[in-house]
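Residue-level structure breakdown
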Amino acid sequence: MKTPKFTYHAPRTVAEALDVLAEHSTDAKVLAGGQSLVPVMAMRLASPAHLVDINRLTDELSALEVDDAGVRIGALVRHARLERDEAAAASVPLVGQALRHVAHPTIRNRGTTVGSLAHADPSAEMPTVLALLGGHVVARSVRGERTIDAADFFVGPMESCLGYDELAVAAYFPAPPGRFGTAFDEICRRHGDYAMCGAGVVAVLDEAEQYVSLKLSLVSVNDVPEVLDLTEVVRGTAYDEVDHAVLGDWVRDRIDPPGDLHASADFRRHLASVLTKRLTREAAARAITTTE
Ligand code: FAD
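Residues numbered from 1 in each chain as written. Predicted model: local features only at pLDDT ≥ 70, side-chain atom pairs only at ≥ 80, totals over all residues.

Okay, the site of the ligand next. Not every one of the 28 residues close to the ligand is listed here, only the nearest: G33, A103, G111, G115 and A124. Elements represented by at least two residues in the shell around the ligand include exactly β2 (28–31), α2 (37–42), α8 (113–119), α9 (125–133) and β10 (167–174). Examining the composition of the shell around the ligand, we find that five residues originate from one element, α8, more than from any other. Grouping the constituent residues of the shell around the ligand by class yields 17 nonpolar, nine polar and two charged. (Near = placed C-beta within 6 Å. Helix = DSSP H or I, 4+ residues; strand = E, 2+ residues; numbered from the N terminus. Nonpolar A, V, L, I, M, F, W, Y, C, P; charged D, E, K, R; others polar.)

Below, the structure written as structure tokens:
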């Protein structure tokens, strides 16, 4: 299928891109990797009259900055670059653990991580990761710049709080505090498909190897990423004394997933429970081996 007709804009600076977005507002869309937008347009689910291609803005939007506190990526950092970045993997391992489940390598070579956040698909991995880590998105328009916490950024399925004239210029994934371990996995019919259910976990332990906190977020379960805080169930318990089956049941009883062609609601509940059992154990084990 072909896309509807549109006017193509190729700005040379972010300022120019923002001017075009301000001028055409509701009729314009940002084109980043095109891995979601182009199929959506080909299926005629969206028909923006103006496309603002940001791919020439490499000087301003390609930075990948890492320190012990977290990872900041510009809007043109492709999934594949972030996935392979060793410093990012050392600082915030959850990012790479999740990225290897995003689509296929060819799509990750082109798709951008910030684009995935802006697309806000409930079946996408990176919105869940941003929410679980308590990260944020930086958005800019001719009206100025604002920083939007993950908890406020996702407002509905395929809907972020970005204004029509706003460009997401960067995103920030903070590292969990202290002695932490993370894990991510998902279950799909074929590798690279969108997940029937996925989960990320962050476990933080103290010096006595007892839980300080335990958080989990699911993929393909909620309209917007929701962080489930299991800390009350495990606080003060040694990591090897936790009954992971109890954690699985706890999560299963608190979610209300949709049923669709890919999986029934009950099956998704079951998958969430299985992933919780497996990943909470894995994340805690990694926290034990973390060297500070
Ligand atoms: P685009 O397609 O260019 O844009 C997507 C949307 O975000 C558009 O509305 C666009 O206007 C907006 N946008 C993009 N960048 C910005 C910005 N900087 N500021 C404001 N708005 C912006 N994704 C997954 O997470 N998991 C998967 O398993 C998965 N499987 C896939 C399988 C296939 C076959 C395909 C084609 C794609 C798949 N994807 C999957 C999507 C892929 O990860 C996309 O790369 C990603 O969702 C969007 O990134 P993009 O850079 O391609 O954005």
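Next comes the rest of the account.
This brings us to the sheet that holds strand β6 (residues 136–141). Reading across from one edge, β4-β5-β10-β6-β7 is the order of the five strands in this open sheet, with antiparallel pairing throughout. The open sheet has two edge strands with one neighbour each: β4 (64–67) and β7 (144–149). In this sheet, neighbouring strand axes are inclined to one another by 15° on average, regardless of whether the strands run parallel or antiparallel. One ladder, built from six bridges, connects β6 with β7; its direction is antiparallel. (Pairing = 2+ DSSP bridges. Axes fitted to C-alpha atoms, helices over the stretch in contact; angles between N-to-C directions.)

Next up on the list: the nonpolar core. Core analysis: the biggest nonpolar cluster contains 89 residues, and I54, V95, A168, C197 and A203 have the highest contact counts within it. Those residues in contact with A168 that sit more than four places away from it in its chain are A75, V114, L117, A118, V137, A139 and L162. (Core = buried A, V, L, I, M, F, W, Y, C linked by C-beta atoms within 7 Å. Buried ≥ 20, exposed ≤ 12 C-beta atoms within 10 Å, placed from the backbone. Contact = placed C-beta atoms within 7 Å.)

By the criterion of burial, strand β12 (residues 197–205) is predominantly enclosed, with nine of the nine residues buried. The side-chain alternation of β12 yields two buried faces, one formed by C197, A199, V201, A203 and L205 and the other by G198, G200, V202 and V204. Note that strand β11 (residues 179–187) and β12 share nine bridges and pair antiparallel. Residue pairing for β12: A183 is matched across the bridge by V201.

Turning our eyes to something else, we now look at unusual backbone geometry. The backbone of R44 sits at a positive phi, close to 60°, despite the residue not being glycine. Along the chain, the position of R44 falls in the loop between α2 and β3 (50–53). For E209, which is not glycine, the phi dihedral falls at a positive 65°. With respect to the element layout, E209 can be found in the loop between β12 and β13 (211–219).

Once that is clear, we can look at α9. Of all the nine residues making up α9, nine are buried; the element is thus mostly covered by neighbouring parts of the structure. Buried within α9 are the following residues: E125, M126, P127, T128, V129, L130, A131, L132 and L133.

This part is about the domain arrangement of the protein chain. Split into domains, the protein chain comes out as domain 1 (7–49), domain 2 (63–174) and domain 3 (179–289). The C-alpha-based centres of domain 1 and domain 3 are spaced at 36 Å. (Domains from an automatic or database assignment.)

Below, the discussion takes up the sheet that holds β2. Strand order in the open sheet formed by three strands is β1-β3-β2, and the pairing between neighbours is parallel. Looking along the sheet, the strands with just one partner apiece sit at the ends: β1 (7–9) and β2. Put simply, the sheet's adjacent strands are angled 25° from each other on average, direction ignored. Of the strands in this sheet, β1, β2 and β3 touch helix α1 (residues 14–24), which is tilted by about 165° from β3.

Take the environment of I148 next. Position of I148 among the secondary structure elements: in strand β7. Put simply, I148 and H136 are 12 residues apart on the chain and 5.4 Å apart in space, counted from C-alpha to C-alpha. Sequence-distant contacts of I148, defined by excluding residues within four places in its chain, comprise H136, V137, A139, F153 and C161.

Looking now at the confidence of the model for the protein chain. Mean pLDDT for the protein chain: 96, with 99% of residues reaching 70 or above. For this predicted complex, the interface confidence comes out at an ipTM of 0.99, alongside a pTM of 0.96. (pLDDT = per-residue confidence, 0-100.)

In this section: the environment of H79. Checked against the element boundaries, H79 lands in helix α4 (residues 79–84). Note: C-alpha distance between H79 and T112 (33 residues apart in sequence) is 5.3 Å. With residues near it in sequence (within four places) discarded, H79 still touches L99, V102, R108, G111 and T113.

It is worth spelling out helix α13 (residues 265–289) at this point. Structural remark: α-helix, 3.6 residues per turn; residues separated by three or four positions point the same way. Here α13 is 25 residues long and its end C-alpha atoms lie 36 Å apart, about the 36 Å a rise of 1.5 Å per residue gives. Here α13 has its buried residues at R268, R269, L271, A272, S273, L275, T276, L279, T280, A283, A284 and A287. The elements touched by buried residues of α13 are β11, β12, β13 and α12 (244–252). (Expected span 1.5 Å × (residues − 1).)

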